[in-house]
Amino acid sequence: MAQLETELQLLKTEVINMWTLVNSQLSKARTAFLNFDKDLAREVVLKEKRVNGSELKIDRDCENIFALFCPVAIDLRFLLAVLKINSNLERIGDIAEGIAKYVIDAETPFTEELLKVTRILPMYEEAVHMLEDTQSAFEKEDTVLARSVFKKDDFLDSVNKASNKVLETHLATRPEDTAQALWLLSIIRRLERVGDQTKNVAEEIIFYLEAKVLKHKNKFA
Amino acid sequence: MESTIIKSRNFNASFGSNHVVKNVNIDIPRNHIIAVMGPSGCGKTTYLRCINRMHELIPGATSSGEMDLNGEDVYQMHPIFVRLKIGMVFQRPNPFPNLSIYDNVIAGYKLNGIKLPKAERDRIVEQSLTKVALWKEVKDSLNKKGSFLSGGQQQRLCIARTVAMEPEVILFDEPTSALDPISTSTVEELFHELKANYTLIIVTHNMQQAARVSDKTAFFFLGELVEYDETKIMFTNPKDNRTQNYITGRFS
């Protein structure tokens, strides 16, 4: 195997490991949020440093491969995609940390009714699935799977879009839930960002494998 | 719209029974730099030498098909005329060792028996050396032997010798493979300047050089022209797997 191929394989493994870590961070933040588990939330906050460390290591490795091997064609696209995927994964890691911090700072668990009317739980579940699907798509070089996340993101967008009105209606009769509603709204906004970032990642997988640029384009055309 | 200067149609070349260039079809646009790359033995140098009929100088070498310069079949022209119009620069700098820098530049005229007045010769020497960015370096030592120059300067002198004949196309066969990185960089910069007046076709093993200097790249493999496209496309999104495998170093 050529040295460049070995380096790219090692880099791919690093990215997959980071992906697994970010997935775990997002899932643990969800469990902490669901169970109001402050210890687990603190664990997520602590592990965020590892996500940052992975990001820096992957950036440095990409820089070295560019400088030493002058990659072209699919290798070049792979590296360009990895740089962007890396950055998106790190931001998703930040979001997991942010959600965990809400759980640490919150005084009481979120009310069942608020969770239900906002549809935040299925939204969160879908966001985690999207991230898992893109990881599989990256590992297996499967652009069909990568494309499937575009559709899933529509659900996240619809929950986000409806959230203002839903909470307005809820607060009209339950004004005492205002503080919790504001926190939930903030988490919904962050999950919507996770959807967008995962979509960006899927676009990068397709760019690397098919040399097609889907950014700012209709994904279903 | 870009006009085609060299056009090959169903072009084949052989050494005896060894068929080394197979059915090549290509249009080379005027005032462009074309890189020709491929593994050793793929036929790229043979194809290059067919363009100005150098191939036929080798015993047993044959060719067939169409090779046009400005729409005229070069195989219907006098070979000397073809080589005046399509000059060539080789891998190793090869100035005539016993000739001065001045005489090296106008060697093409002397060897072809073209007599020119001294003032005209002076003008050609200065203009040609200026075109290859060598004039300032050698203007005070034109009577010194060409072989006293550094490798990079010698290669530029050889390019000046070619340019002096006012060709339309210049063929380069791995022109920097014997040069150090600084001389290589000087010659590469020169390519960009020469492009304004000439069409350059460069056979190179150095893929980064192909990427740096050329407008279009042709990839040859086992005698076939596998892919020919804008260099940017060839190095970011080649269409043929053989091209991709070659440029990413995955050929076994």
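Scroll up to find the structure.
Residues numbered from 1 in each chain as written. Chains lettered and ligands numbered in written order. Predicted model: local features only at pLDDT ≥ 70, side-chain atom pairs only at ≥ 80, totals over all residues. Heavy atoms only, no water.

### Description of the overall build of chain B
From N to C terminus, chain B includes 11 helices and 10 strands. The C-alpha radius of gyration of chain B comes to 18 Å, within 12% of the 18 Å expected for a compact globule of 252 residues. Judged by the C-alpha coordinates and their principal axes, chain B covers about 55 × 40 × 40 Å. Going through the 252 residues of chain B one by one, you find that 51% of them count as buried. For chain B, the computed accessible surface area is about 11,400 Å², with 51% contributed by carbon and sulfur atoms. (Helix = DSSP H or I, 4+ residues; strand = E, 2+ residues; numbered from the N terminus. Rg over C-alpha atoms; globule rule 2.2 N^0.38 Å. Buried < 20%, exposed > 50% of the residue type's maximum accessible area, 1.4 Å probe, protein only. Areas by Shrake-Rupley, 256 points an atom, 1.4 Å probe, with all protein chains shown as cover.)

### Quick look at the interface of chain B and chain A
The partner chain A presents 11 residues to the 10 residues of chain B that form the contact. Summed over both partners, the interface of chain B with chain A comes to about 870 Å²; 53% of that surface belongs to carbon and sulfur atoms. At the boundary of chain B and chain A, one finds two salt bridges. On the surface where chain B and chain A come into contact, there are four residue pairs in polar contact (both at pLDDT 80 or more). Those elements that provide at least two residues to the side of chain B that touches chain A are helix H10 (231-236) and helix H11 (241-247) of chain B. Of the residues assigned to the side of chain B that touches chain A, the class counts are three nonpolar, six polar and one charged. (Contact = heavy atoms within 4.5 Å. Buried area = accessible area lost by both parts, 1.4 Å probe. Salt bridge = Lys/Arg side-chain N within 4 Å of Asp/Glu carboxyl O. Polar contact = N/O pair within 3.5 Å; in protein donor to acceptor, adjacent residues only side chain to side chain. Nonpolar A, V, L, I, M, F, W, Y, C, P; charged D, E, K, R; others polar.)

### Overview of the pairing of strand E9 (residues 216-221) of chain B
Residues and elements named next belong to chain B. Across the six residues that make up E9, a large majority, six, are buried. Pairing geometry for strand E3 (residues 33-37) and E9, over four bridges, is parallel. Looking across to E9, one finds that methionine 37 is bridged to phenylalanine 219. In this sheet, strand E10 (residues 224-230) lies alongside E9 in antiparallel orientation, the contact comprising six bridges. When the sheet's bridge partners are listed, lysine 216 is paired in E10 with glutamate 230. (Pairing = 2+ DSSP bridges.)

### Focus: the sheet that holds E3(B)
All names here are of chain B. Ordered in space as E6-E7-E8-E3-E9-E10, the six strands form an open sheet in which the pairing is mixed. Both edges of this open sheet fall to strand E6 (86-89) and E10, since each of them pairs with a single strand only. Each strand of the sheet is rotated relative to its neighbour by a mean of 20 degrees, with strand direction disregarded. Along the sheet face, helix H8 (residues 181-194) touches E3, strand E7 (169-173) and strand E8 (199-203) and points at about 145 degrees away from the line of E8. (Axes fitted to C-alpha atoms, helices over the stretch in contact; angles between N-to-C directions.)

### Looking at helix H5 (residues 118-131) of chain B
All names here are of chain B. Here H5 contains 14 residues, and its C-alpha end-to-end distance of 20 Å stays within 8% of the 20 Å for a straight helix at 1.5 Å per residue. Within H5 the residues assigned to the buried category are Ile124, Val125, Ser128 and Leu129. Along the long axis of H5, the arc covered by the buried residues comes to 115 degrees, so they all point the same way. The secondary structure elements touched by the buried residues of H5 are helix H3 (101-105), helix H4 (107-111), helix H6 (135-138) and helix H7 (151-163). Positive backbone phi, approximately 55 degrees, marks alanine 133, located one or two places after H5. (Expected span 1.5 Å × (residues − 1). Arc of directions from axis to C-beta.)

### Concerning the sheet that holds strand E1 (residues 4-15) of chain B
Residues and elements named next belong to chain B. Across the sheet, four strands lie side by side as E2-E1-E4-E5; this open sheet has antiparallel pairing. Two strands lie at the open edges of the sheet, namely strand E2 (18-29) and strand E5 (72-73), each paired on one side alone. As judged from the eight bridges shared by E1 and strand E4 (residues 61-69), these two strands associate in the antiparallel manner. The residue bridging alanine 13 from the neighbouring strand is serine 63, located in E4. Seen against the sheet, helix H1 (residues 44-51) touches E1, E2 and E4 and runs at an angle of roughly 120 degrees to E1.

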